[in-house]
Amino acid sequence: MFNIDTLLRNNIKNLPSPSSSVRDELKEKIEIFLDGNENPFGSPLNERFNRYPDSSQSELKEKISHIKGVPSENIFLGNGSDEAIDMLYRAFCHPGKDSVILTPPTSGMYEKAAILNDVFIKRVPLTPAFQLDLESISEVVTENTKLIFLCSPNYPTGNALHREDVELILNNFSGLLVIDEAFINYSRHRSFIPELLEYPNLVILQTFSKAWGMAGLRLAMAFASGDIISVFNKIRQSHNINAATQEYALKALDNIGDVNAWTKETVAEREKMAGALKQLPFVLHVFPSDANFLLVKFSEPKIIFDQLLGKGIIIRDCSAVLLCEDCLQITIGTVEENNKLLEALRGFI
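All values derive from a computational prediction rather than experimental measurement. (Residues numbered from 1 in each chain as written. Predicted model: local features only at pLDDT ≥ 70, side-chain atom pairs only at ≥ 80, totals over all residues. Heavy atoms only, no water.)

## A closer look at the sheet that holds strand 10 (residues 316-317)
The strands making up a sheet associate through backbone hydrogen bonding, with each pair oriented either parallel or antiparallel. Counted only if it meets this: Note on pairing: DSSP must find at least two bridges between two strands before they are called paired. A run of H or I in DSSP counts as a helix once it spans at least four residues, and a run of E counts as a strand once it spans at least two, with each numbered from the N terminus. When checking whether two residues touch, look at their non-hydrogen atoms; a contact exists if any pair is within 4.5 Å. Under this scheme, a helix contributes an axis fitted over its contacting stretch, all axes are lines through C-alpha atoms, and angles between N-to-C directions fall in the 0 to 180 degree range.
Taken together, 4 strands build an open sheet; the order of strands is 8-9-11-10 and the sheet is antiparallel. Both outer strands of the open sheet, strand 8 (283-286) and strand 10, are each paired with one neighbouring strand and no more. In this structure, strand 9 (residues 293-298) lies alongside strand 11 (residues 327-331), joined through 5 bridges in antiparallel fashion. What sits directly across from Leu295, in strand 11, is Gln329. Each of strand 8, strand 9 and strand 11 touches helix 11 (residues 256-277); the most contacted strand, strand 9, lies at about 10 degrees to it.

## Details of the layout of surface pockets
Just so we agree on the cut-off: Lining residues are defined by having an atom within 4 Å of a point belonging to a cavity or pocket. Those points lie on a 1 Å grid over the protein atoms alone, cavities being sets where a 1.4 Å probe fits but cannot get out and pockets being open sets with protein on both sides within 12 Å along at least five of seven lines. Grid points are joined across faces, edges and corners, and a volume is the space filled by probe spheres set on the points. Residues were grouped as follows: Ala, Val, Leu, Ile, Met, Phe, Trp, Tyr, Cys and Pro as nonpolar; Asp, Glu, Lys and Arg as charged; and all remaining residues, including Gly, as polar.
The volume enclosed by the largest pocket comes to roughly 1,200 Å³. Phe183, Ser209, Lys210, Asn292 and Thr331 are, among the 41 residues lining the largest pocket, the residues nearest its centre. Those elements giving two or more residues to the lining of the largest pocket turn out to be helix 5 (81-92), helix 11, strand 11 and helix 13 (335-346). By residue class, the composition of the lining of the largest pocket is 17 nonpolar, 16 polar and 8 charged.

## Looking at unusual backbone geometry
Short version of the rule: Summary of the burial criterion: residues with accessible area below 20% of their type's maximum are buried, those above 50% are exposed, and those between are partly exposed, where the area comes from a 1.4 Å probe applied to protein chains only.
Look at the link from Pro104 to Pro105: it is a cis peptide, with omega at 0 degrees. Residue position: Pro105 is located in the loop between strand 2 (99-102) and helix 6 (109-116). In this structure, Phe130 takes a positive phi of about 65 degrees despite not being glycine. Mapped onto the elements of the fold, Phe130 is located in the loop between strand 3 (120-123) and helix 7 (134-140). Classification of Phe130 by relative accessible area gives buried; the value is 4%.

Coordinates in, geometry out; function isn't part of it.
See below:
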């Protein structure tokens, strides 16, 4: 049975709750700001950037709430998903005592944050079909296992995890299950966001870096119960999302039609690229993908990688990754970029 109080570290429990900002609450009524020790003359970049950003991010959360169908109080905004990942370890895992379960091959940030926070790592590799090994996961869970990280669609394999397997963990694990949905916009499978009300131990990560095209702004979302979001807000820096990021994100959210169009085109190009790559004699297998990339097994991956690099085209070498031997990962680009890649590959025949 999930109980947040039994998971939370004592030092986090004893942190005072953040006080509300008078400025943020009354900003529409205030004309003269003399409370923040700011430069009153403006900024060379933007006349508004001389002021501290809205620490509550209320306007941005309200827009996200409308799009995602999640109340604002169930939304945390982070400086990339990395911030939320790190905070989960800092809030719920005692250094040198607690553990996390990771399912490689998967995103490397989960392991990096565990090492930085001195949390034991229990690795349960995916099956050869890149799905969860439920029996092995259950065998390594102990009372000190506080977190399980899953990525779906998974990175670097591209596939979505079986929903019924994820739900089985949710129903039987007393710690926090974190589902990283960075690539969910490209997937034919639905998000786990609708399950938030049913599972108080569920945390969902999404990002503006992929489909929204804002990787350079470093903005991500975490969706969870009000209790978990309250913990995030206790330990985050008061101005973790800068004013420029909030401003650009608000503008982006007004253009969801463009994002949907880009996503649709990317998915169409993904299927076109998968079909074209399968025709090449040195391509051994193209793995199914629910993301904006393809994992492809080559007969001579090192040679292909180097020759493409020589032509000014860079892809990702995954050949040293567990279960991804001889594989290269290809991000889906524009129609022109994809055609140039195919042209270069066909020139190697």
